[in-house]
Amino acid sequence: MKTVPSFSTKAAPVIIDGKAASQAIVEQVKAAVVAEHLRPGLAVLLVGSDPASAVYVRNKGLRAKECGFHSEQIDLDENTSEGELLAVIGRLNSDENIHGILVQLPLPRHIDAHKVIQAIHPMKDVDGFHYVNVGHLASGALGDALVPCTPLGSLHLIQQHLGNDLSGKHAVVIGRSNIVGKPMASLLLQHNCTVTVLHSRTFEPEKLCRQADIVVAAVGVPGLVKADWIKPGALVIDVGINRIELADGNSRLVGDVAFDEVAPLTSAITPVPGGVGPMTIALLMQNTLSVARRFKKVGLTMR
Ligand code: GUN
(Lines give C-alpha, C1' and ligand atoms only; values in the text may rest on other atoms or scores of the structure.)
Protein backbone atom coordinates (compact mmCIF):
# COMPACT_ATOMS: atom_id res chain seq x y z
CA MET A 1 0.00 0.00 0.00
CA LYS A 2 1.24 3.45 -0.88
CA THR A 3 1.74 5.68 2.10
CA VAL A 4 0.70 9.27 1.78
CA PRO A 5 3.19 11.65 3.36
CA SER A 6 1.47 13.30 6.25
CA PHE A 7 2.15 16.70 7.62
CA SER A 8 0.43 18.76 10.22
CA THR A 9 -1.49 21.85 9.15
CA LYS A 10 -2.03 22.95 12.73
CA ALA A 11 -0.73 26.47 13.20
CA ALA A 12 1.41 27.28 16.22
CA PRO A 13 -0.56 29.14 18.89
CA VAL A 14 -0.33 32.89 19.06
CA ILE A 15 1.29 33.99 22.31
CA ILE A 16 -0.63 37.17 22.98
CA ASP A 17 1.64 40.11 23.76
CA GLY A 18 -0.10 42.03 26.54
CA LYS A 19 2.81 44.43 26.88
CA ALA A 20 2.47 45.59 23.26
CA ALA A 21 -1.33 45.80 23.47
CA SER A 22 -1.17 47.78 26.71
CA GLN A 23 1.45 50.15 25.29
CA ALA A 24 -0.81 50.85 22.31
CA ILE A 25 -3.64 51.81 24.70
CA VAL A 26 -1.32 54.00 26.77
CA GLU A 27 -0.16 55.77 23.58
CA GLN A 28 -3.81 56.50 22.69
CA VAL A 29 -4.45 57.85 26.19
CA LYS A 30 -1.33 60.06 26.02
CA ALA A 31 -2.37 61.43 22.64
CA ALA A 32 -5.92 62.15 23.85
CA VAL A 33 -4.64 63.98 26.93
CA VAL A 34 -2.60 66.31 24.73
CA ALA A 35 -5.18 66.75 21.95
CA GLU A 36 -8.09 67.40 24.34
CA HIS A 37 -6.12 69.59 26.79
CA LEU A 38 -7.00 67.35 29.73
CA ARG A 39 -5.24 66.81 33.03
CA PRO A 40 -6.80 63.62 34.39
CA GLY A 41 -6.00 63.05 38.06
CA LEU A 42 -5.61 59.61 39.63
CA ALA A 43 -5.30 58.95 43.37
CA VAL A 44 -4.16 55.49 44.44
CA LEU A 45 -4.43 54.55 48.10
CA LEU A 46 -2.32 51.86 49.71
CA VAL A 47 -3.04 50.76 53.27
CA GLY A 48 -0.23 48.74 54.84
CA SER A 49 2.94 47.41 53.30
CA ASP A 50 2.07 44.26 51.35
CA PRO A 51 5.04 44.03 48.93
CA ALA A 52 3.01 42.87 45.90
CA SER A 53 0.41 45.61 46.41
CA ALA A 54 3.21 48.18 46.80
CA VAL A 55 4.62 47.18 43.40
CA TYR A 56 1.19 47.36 41.70
CA VAL A 57 0.48 50.77 43.23
CA ARG A 58 3.86 52.15 42.23
CA ASN A 59 3.39 50.93 38.65
CA LYS A 60 -0.03 52.59 38.47
CA GLY A 61 1.50 55.90 39.53
CA LEU A 62 4.35 55.60 37.03
CA ARG A 63 1.95 54.87 34.18
CA ALA A 64 -0.29 57.77 35.22
CA LYS A 65 2.68 60.15 35.07
CA GLU A 66 3.72 58.71 31.70
CA CYS A 67 0.20 59.50 30.43
CA GLY A 68 0.51 63.12 31.54
CA PHE A 69 -1.89 62.68 34.47
CA HIS A 70 -1.83 64.33 37.85
CA SER A 71 -0.89 61.36 40.04
CA GLU A 72 -1.17 60.97 43.81
CA GLN A 73 -0.10 57.94 45.80
CA ILE A 74 -1.45 57.99 49.34
CA ASP A 75 0.33 55.56 51.66
CA LEU A 76 -1.48 54.82 54.90
CA ASP A 77 -0.21 52.89 57.85
CA GLU A 78 -1.34 49.27 58.37
CA ASN A 79 -3.17 50.41 61.53
CA THR A 80 -5.14 53.17 59.82
CA SER A 81 -8.74 53.00 61.04
CA GLU A 82 -11.69 52.56 58.72
CA GLY A 83 -12.88 56.04 59.72
CA GLU A 84 -9.55 57.61 58.77
CA LEU A 85 -9.59 55.88 55.39
CA LEU A 86 -13.19 56.99 54.76
CA ALA A 87 -12.17 60.57 55.59
CA VAL A 88 -9.37 60.47 53.01
CA ILE A 89 -11.82 59.16 50.39
CA GLY A 90 -14.28 61.91 51.30
CA ARG A 91 -11.60 64.52 50.69
CA LEU A 92 -10.63 62.98 47.33
CA ASN A 93 -14.31 62.77 46.29
CA SER A 94 -14.49 66.56 46.46
CA ASP A 95 -11.01 67.28 45.07
CA GLU A 96 -11.48 68.69 41.58
CA ASN A 97 -7.95 67.67 40.53
CA ILE A 98 -8.85 64.02 41.09
CA HIS A 99 -10.96 62.09 38.57
CA GLY A 100 -10.14 58.55 39.60
CA ILE A 101 -9.84 57.04 43.08
CA LEU A 102 -8.48 53.53 43.55
CA VAL A 103 -8.07 51.79 46.90
CA GLN A 104 -5.66 48.90 46.43
CA LEU A 105 -7.11 45.59 47.61
CA PRO A 106 -6.84 43.57 49.74
CA LEU A 107 -7.27 45.86 52.73
CA PRO A 108 -6.19 44.94 56.29
CA ARG A 109 -8.78 42.74 57.99
CA HIS A 110 -10.04 45.40 60.41
CA ILE A 111 -11.32 47.48 57.47
CA ASP A 112 -14.60 46.65 55.70
CA ALA A 113 -13.61 46.72 52.00
CA HIS A 114 -17.27 46.86 50.85
CA LYS A 115 -17.91 49.95 52.94
CA VAL A 116 -14.74 51.61 51.65
CA ILE A 117 -15.54 50.92 48.00
CA GLN A 118 -19.09 52.24 48.39
CA ALA A 119 -17.66 55.46 49.87
CA ILE A 120 -15.90 56.29 46.58
CA HIS A 121 -18.04 58.56 44.42
CA PRO A 122 -19.38 56.31 41.63
CA MET A 123 -18.24 58.81 38.99
CA LYS A 124 -14.65 58.55 40.29
CA ASP A 125 -14.75 54.78 40.79
CA VAL A 126 -12.19 53.90 38.09
CA ASP A 127 -12.06 50.32 39.42
CA GLY A 128 -15.75 49.91 38.56
CA PHE A 129 -16.47 48.22 41.90
CA HIS A 130 -19.16 50.59 43.24
CA TYR A 131 -22.69 49.12 43.18
CA VAL A 132 -23.79 51.88 40.78
CA ASN A 133 -21.18 50.78 38.25
CA VAL A 134 -21.79 47.09 38.91
CA GLY A 135 -25.48 47.79 38.22
CA HIS A 136 -24.77 49.69 35.00
CA LEU A 137 -22.65 46.81 33.71
CA ALA A 138 -25.05 44.07 34.81
CA SER A 139 -28.03 45.83 33.23
CA GLY A 140 -26.17 46.46 29.97
CA ALA A 141 -25.78 50.24 30.32
CA LEU A 142 -22.17 50.04 29.18
CA GLY A 143 -22.05 53.68 28.10
CA ASP A 144 -22.66 54.79 31.70
CA ALA A 145 -20.56 52.15 33.43
CA LEU A 146 -17.03 52.33 34.68
CA VAL A 147 -16.03 48.74 33.98
CA PRO A 148 -13.39 46.90 36.06
CA CYS A 149 -9.99 47.15 34.42
CA THR A 150 -8.88 43.51 34.32
CA PRO A 151 -12.05 42.22 32.59
CA LEU A 152 -11.95 45.19 30.22
CA GLY A 153 -8.31 44.42 29.37
CA SER A 154 -9.12 40.74 28.90
CA LEU A 155 -12.00 41.61 26.57
CA HIS A 156 -9.65 43.84 24.58
CA LEU A 157 -7.26 40.90 24.04
CA ILE A 158 -10.14 38.56 23.18
CA GLN A 159 -11.47 40.97 20.53
CA GLN A 160 -7.98 41.61 19.23
CA HIS A 161 -7.72 37.90 18.48
CA LEU A 162 -11.30 36.99 17.50
CA GLY A 163 -12.62 40.30 16.16
CA ASN A 164 -15.27 42.52 17.71
CA ASP A 165 -18.18 40.19 17.04
CA LEU A 166 -18.17 37.44 19.66
CA SER A 167 -21.78 36.37 18.95
CA GLY A 168 -22.47 32.75 19.75
CA LYS A 169 -19.05 31.97 21.18
CA HIS A 170 -19.13 29.82 24.27
CA ALA A 171 -17.07 31.55 26.96
CA VAL A 172 -16.13 29.80 30.17
CA VAL A 173 -15.07 32.06 33.03
CA ILE A 174 -13.28 30.25 35.84
CA GLY A 175 -13.70 32.14 39.11
CA ARG A 176 -16.53 34.29 40.50
CA SER A 177 -14.73 37.17 42.19
CA ASN A 178 -16.20 40.67 42.17
CA ILE A 179 -12.93 41.99 40.69
CA VAL A 180 -12.69 39.67 37.68
CA GLY A 181 -15.03 36.67 37.36
CA LYS A 182 -18.44 38.31 37.73
CA PRO A 183 -17.74 41.46 35.69
CA MET A 184 -15.97 39.34 33.03
CA ALA A 185 -19.07 37.15 32.72
CA SER A 186 -21.31 40.25 32.42
CA LEU A 187 -19.08 41.78 29.75
CA LEU A 188 -18.96 38.61 27.67
CA LEU A 189 -22.73 38.21 27.99
CA GLN A 190 -23.12 41.80 26.84
CA HIS A 191 -21.03 40.86 23.80
CA ASN A 192 -23.42 38.03 22.92
CA CYS A 193 -21.35 35.14 24.20
CA THR A 194 -22.95 32.14 25.86
CA VAL A 195 -21.34 32.29 29.27
CA THR A 196 -20.65 29.58 31.83
CA VAL A 197 -19.11 30.51 35.17
CA LEU A 198 -17.14 27.80 36.97
CA HIS A 199 -16.20 28.02 40.63
CA SER A 200 -14.96 25.97 43.55
CA ARG A 201 -18.30 24.11 43.91
CA THR A 202 -18.73 23.30 40.21
CA PHE A 203 -19.11 19.61 39.42
CA GLU A 204 -16.63 18.30 36.81
CA PRO A 205 -15.33 21.73 35.74
CA GLU A 206 -12.98 20.22 33.17
CA LYS A 207 -15.95 18.81 31.20
CA LEU A 208 -17.65 22.19 31.03
CA CYS A 209 -14.40 23.96 30.21
CA ARG A 210 -13.77 21.60 27.29
CA GLN A 211 -16.83 23.11 25.58
CA ALA A 212 -15.37 26.61 25.56
CA ASP A 213 -14.27 28.66 22.56
CA ILE A 214 -12.95 31.24 25.02
CA VAL A 215 -11.54 30.38 28.47
CA VAL A 216 -10.87 33.11 31.02
CA ALA A 217 -9.13 31.71 34.10
CA ALA A 218 -9.26 33.91 37.20
CA VAL A 219 -9.16 31.79 40.34
CA GLY A 220 -5.67 32.20 41.77
CA VAL A 221 -4.84 28.49 41.69
CA PRO A 222 -1.47 27.89 39.99
CA GLY A 223 -1.73 25.60 36.96
CA LEU A 224 -5.36 24.58 37.62
CA VAL A 225 -6.32 24.50 33.95
CA LYS A 226 -4.68 21.46 32.34
CA ALA A 227 -4.57 20.21 28.76
CA ASP A 228 -7.66 18.00 29.26
CA TRP A 229 -9.73 21.13 30.12
CA ILE A 230 -9.19 22.62 26.65
CA LYS A 231 -10.99 22.21 23.34
CA PRO A 232 -8.43 22.33 20.51
CA GLY A 233 -8.32 25.80 18.99
CA ALA A 234 -9.73 27.58 22.04
CA LEU A 235 -8.54 31.05 23.04
CA VAL A 236 -7.17 31.07 26.60
CA ILE A 237 -6.87 34.20 28.72
CA ASP A 238 -4.95 33.60 31.94
CA VAL A 239 -5.71 36.23 34.57
CA GLY A 240 -3.95 34.40 37.40
CA ILE A 241 -0.82 35.90 38.91
CA ASN A 242 0.52 33.42 41.46
CA ARG A 243 3.94 33.55 43.03
CA ILE A 244 5.31 30.05 43.61
CA GLU A 245 8.41 29.07 45.56
CA LEU A 246 10.99 27.01 43.67
CA ALA A 247 13.17 24.24 45.09
CA ASP A 248 16.28 26.45 44.78
CA GLY A 249 14.72 29.02 47.13
CA ASN A 250 13.81 31.45 44.34
CA SER A 251 10.26 32.20 43.28
CA ARG A 252 8.47 32.86 40.02
CA LEU A 253 5.13 34.06 38.73
CA VAL A 254 2.77 31.56 37.14
CA GLY A 255 -0.81 31.76 35.97
CA ASP A 256 -3.90 29.62 36.60
CA VAL A 257 -3.19 27.75 33.36
CA ALA A 258 -0.54 25.03 32.99
CA PHE A 259 0.99 27.00 30.12
CA ASP A 260 3.41 24.43 28.68
CA GLU A 261 0.83 21.68 28.24
CA VAL A 262 -2.13 23.95 27.33
CA ALA A 263 -0.49 26.36 24.87
CA PRO A 264 0.02 23.83 22.03
CA LEU A 265 -3.72 23.07 21.99
CA THR A 266 -4.89 26.67 21.75
CA SER A 267 -5.27 29.10 18.88
CA ALA A 268 -3.94 31.80 21.20
CA ILE A 269 -3.00 32.17 24.84
CA THR A 270 -1.81 34.90 27.19
CA PRO A 271 1.46 34.28 29.05
CA VAL A 272 2.08 35.07 32.73
CA PRO A 273 3.74 37.49 33.16
CA GLY A 274 3.29 39.73 30.13
CA GLY A 275 -0.32 38.91 29.23
CA VAL A 276 -3.31 40.35 31.08
CA GLY A 277 -1.24 42.00 33.84
CA PRO A 278 -0.05 45.04 31.86
CA MET A 279 -3.55 45.45 30.39
CA THR A 280 -5.08 46.12 33.81
CA ILE A 281 -2.99 49.25 34.29
CA ALA A 282 -3.56 50.46 30.72
CA LEU A 283 -7.34 50.18 31.15
CA LEU A 284 -7.08 52.02 34.46
CA MET A 285 -5.54 54.90 32.51
CA GLN A 286 -8.32 54.67 29.94
CA ASN A 287 -11.01 54.70 32.66
CA THR A 288 -9.43 57.73 34.33
CA LEU A 289 -9.32 59.52 30.97
CA SER A 290 -13.04 58.72 30.43
CA VAL A 291 -13.92 60.27 33.79
CA ALA A 292 -11.88 63.40 33.02
CA ARG A 293 -13.71 63.70 29.69
CA ARG A 294 -17.11 63.35 31.37
CA PHE A 295 -16.23 66.00 33.93
CA LYS A 296 -15.04 68.39 31.24
CA LYS A 297 -18.10 67.77 29.07
CA VAL A 298 -20.51 68.82 31.76
CA GLY A 299 -18.18 71.40 33.35
CA LEU A 300 -18.42 69.41 36.54
CA THR A 301 -16.61 69.97 39.78
CA MET A 302 -17.31 67.90 42.86
CA ARG A 303 -17.33 70.70 45.44
N1 GUN B 1 -6.06 44.14 43.83
C2 GUN B 1 -5.89 43.24 42.83
N3 GUN B 1 -6.47 43.66 41.68
C4 GUN B 1 -7.02 44.87 41.97
C5 GUN B 1 -7.75 45.80 41.18
O6 GUN B 1 -8.03 45.61 40.00
N7 GUN B 1 -8.13 46.94 41.84
C8 GUN B 1 -7.85 47.16 43.17
N9 GUN B 1 -8.29 48.29 43.70
N10 GUN B 1 -7.17 46.31 43.90
C11 GUN B 1 -6.76 45.16 43.31
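Look a little higher up for the structure.
Let us look at the structure shown here. Going along each chain's sequence as written, the residues are numbered from 1 onward. pLDDT decides what is reported in this predicted model: residues at 70 or higher carry local features, side-chain atom pairs at 80 or more are listed and counted, and totals for whole chains, interfaces and linings draw on all residues regardless. Only heavy atoms go into the side-chain values, all of them from the structure, while hydrogens and water stay out.

1. Points about the pairing of strand β5 (residues 170-174)
Both faces of the sheet carry side chains from a regular strand, because those side chains alternate between them.
Piece 1. Counting buried residues in β5 gives 5 out of 5 residues, a clear majority hidden from the surface.
Piece 2. Buried, partly exposed and exposed residues are distinguished by accessible area as a fraction of the type maximum, computed with a 1.4 Å probe on protein chains only: under 20%, between the cut-offs, and over 50%, respectively. For helices the rule is a DSSP run of H or I covering at least 4 residues; for strands it is a run of E covering at least 2, with both sets numbered from the N terminus onward. Here β5 shows a buried face lined by His170, Val172 and Ile174 and a second buried face lined by Ala171 and Val173.
Piece 3. Pairing between two strands requires that DSSP report at least two bridges joining them. Across 5 bridges, the pairing between β5 and strand β6 (residues 194-198) is parallel. Bridge pairing in β6 links His170 to Thr194.
Piece 4. Sheet analysis places β5 next to strand β7 (residues 214-217), joined by 4 bridges and oriented parallel.

2. Quick word on the sheet that holds strand β3 (residues 70-76)
Piece 1. With parallel pairing, the 3 strands of this open sheet are ordered in space as β3-β2-β4. Strands at the two margins of the open sheet, each flanked by one partner only, are β3 and β4 (100-103). Direction aside, the axes of adjacent strands within the sheet are offset by 15 degrees on average.
Piece 2. Examined bridge by bridge, strand β2 (residues 41-47) and β3 share 7 bridges and lie parallel to one another. An axis is simply a line fitted to the C-alpha atoms; with a helix, the fit covers only the stretch in contact. Between two such axes, the angle follows the N-to-C directions and lies from 0 to 180 degrees.

3. Remarks on the pattern of salt bridges
Side chains bearing opposite charge may pair, as long as their charged atoms lie close to each other.
Piece 1. Here a salt bridge means any side-chain nitrogen of Lys or Arg lying within 4 Å of a carboxyl oxygen belonging to Asp or Glu. For the structure shown, the criterion picks out 7 salt bridges.
Piece 2. Here Lys30 ties to Glu66 by a salt bridge, and the two come within 3.3 Å at their closest N and O atoms. Separated by 36 residues along the polypeptide, Lys30 in helix α1 (residues 18-35) and Glu66 in helix α2 (residues 51-66) bring together distant segments of the chain.
Piece 3. For Glu66, a relative accessible area of 34% gives the class partly exposed.
Piece 4. Bridged by salt links that share partners, the residues Glu27, Lys30, Arg63 and Glu66 form one connected network.

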